[in-house]
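# Structural characterization, general
The primary structure of each chain is shown beneath.
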Amino acid sequence: MVASRVEIADVIKNELGSEQELEERWAVAAFKYAETHYKLITSMSDLSKISLTKHDDELYNDFKTTFPHINVASLNDEDFKSPVAKETWRKFLMRYKEKVKDFDFGTLLRYKSDGAYEPDETFFAVRAQFYAVEVARNREDVPRPPRTS
């Protein structure tokens, strides 16, 4: 017997909770990830030593080839949310589907390389976008948040 959409939706709701609960869970997970990342980048003196994935070299080279115009010091919505950008990012991301764990998980990305994870200073991205931008920021001489220790 094949379950109806209503039955499947009820199972999902019972197992996972309401849509609002899911959004809250995502927000908590994204914030924890952002908080961990921020602690890392504000505690190290040499960000070029940070390895975010075992594919950092490939991600960086592919990112710079695919998106040579993106200024990682100061991101803008057009480079991520325009119809052309979305299609280019989709193709880029699919190349990492089998390589980068959780490549499509939602995460927060800072607009400015020296900015904090504040509501007006971040936007929603997927993990592989985050890795591509943050690996580039770590390797390039861009402003960074002040060190804390």
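Quick look at the structure, then. (Residues numbered from 1 in each chain as written. Predicted model: local features only at pLDDT ≥ 70, side-chain atom pairs only at ≥ 80, totals over all residues. Heavy atoms only, no water.)

### As for the overall build of the protein
Our working definition: Strands are runs of DSSP state E lasting at least two residues, helices are runs of H or I lasting at least four, and both sets are numbered from the N terminus onward. Think of it in three bands: residues with accessible area under 20% of the maximum for their type are buried, residues over 50% are exposed, and the middle band is partly exposed, with areas taken using a 1.4 Å probe on protein chains only. In what follows, residue pairs with any heavy atoms lying within 4.5 Å of each other are defined as contacts. Each accessible area value is a Shrake-Rupley result obtained with a 1.4 Å probe; residue values ignore everything except the protein chains displayed when judging cover.
Along the backbone of the protein there are 6 helices and 2 strands. Secondary structure elements of the protein occur, N-terminal to C-terminal, as α-α-α-α-α-β-β-α. Evaluated residue by residue, the protein yields a buried proportion of 38% over its 149 residues. Residue pairs at least 24 apart in sequence account for 68% of intrachain contacts in the protein once pairs closer than 6 positions are excluded. Accessible surface for the protein amounts to roughly 9,400 Å². Of this, 55% is attributable to carbon and sulfur atoms.

### A closer look at a negative patch on the surface
To keep things clear, this is the line we draw: What goes into a patch is any residue over 30% in relative accessible area without a salt bridge, connected to like charges within 9 Å or, for nonpolar side chains (Val, Leu, Ile, Met, Phe, Trp, Tyr), within 5 Å. Here, a salt bridge means any Lys or Arg side-chain nitrogen found within 4 Å of an Asp or Glu carboxyl oxygen. Charged residues are defined narrowly, with Lys and Arg counted positive, Asp and Glu counted negative, and His plus the chain ends left uncounted. By convention, the point assigned to a charge is CZ for Arg, NZ for Lys, CD for Glu and CG for Asp.
There is a patch of like negative charges on the surface, built from D114, E118, D120 and E121. Following the sequence through the fold, E118 ends up in the loop between β1 (106-110) and β2 (122-126).

### Focus on helix α6 (residues 127-139)
To be explicit about the condition: Multiplying one less than the number of residues by 1.5 Å gives the expected span of a helix.
A rise of 1.5 Å per residue sets the reference length of α6, with its 13 residues, at 18 Å; its end C-alpha atoms lie 18 Å apart and thus fit the reference within 8%. Of all 13 residues in α6, 12 are buried; the element is thus mostly enclosed.

### Some thoughts on the packing of helix α3 (residues 56-66) against α6
We count it as follows: In this description, a line fitted to the C-alpha atoms serves as the axis of each element, helices being fitted only across the stretch in contact, and the angle between N-to-C directions of two axes falls anywhere from 0 to 180 degrees. When an angle is under 35 degrees it counts as roughly parallel; over 145 it counts as roughly antiparallel; between 65 and 115 it counts as roughly perpendicular; any other value is oblique. When residues are sorted by character, Ala, Val, Leu, Ile, Met, Phe, Trp, Tyr, Cys and Pro go into the nonpolar class, Asp, Glu, Lys and Arg into the charged class, and all the rest, Gly among them, into the polar class.
One can describe the packing of α3 onto α6 by two numbers: an axis separation of 9 Å at closest approach and a directional angle of 90°. Here α6 runs roughly perpendicular to α3, going by the angle between their axes. Along its contact with α3, which presents D56, D57, L59, Y60 and F63, the element α6 presents A128, Y131, A132, V133, V135, A136 and R139. Looking at the contact of α3 with α6, its residues break down into 9 nonpolar, no polar and 3 charged.

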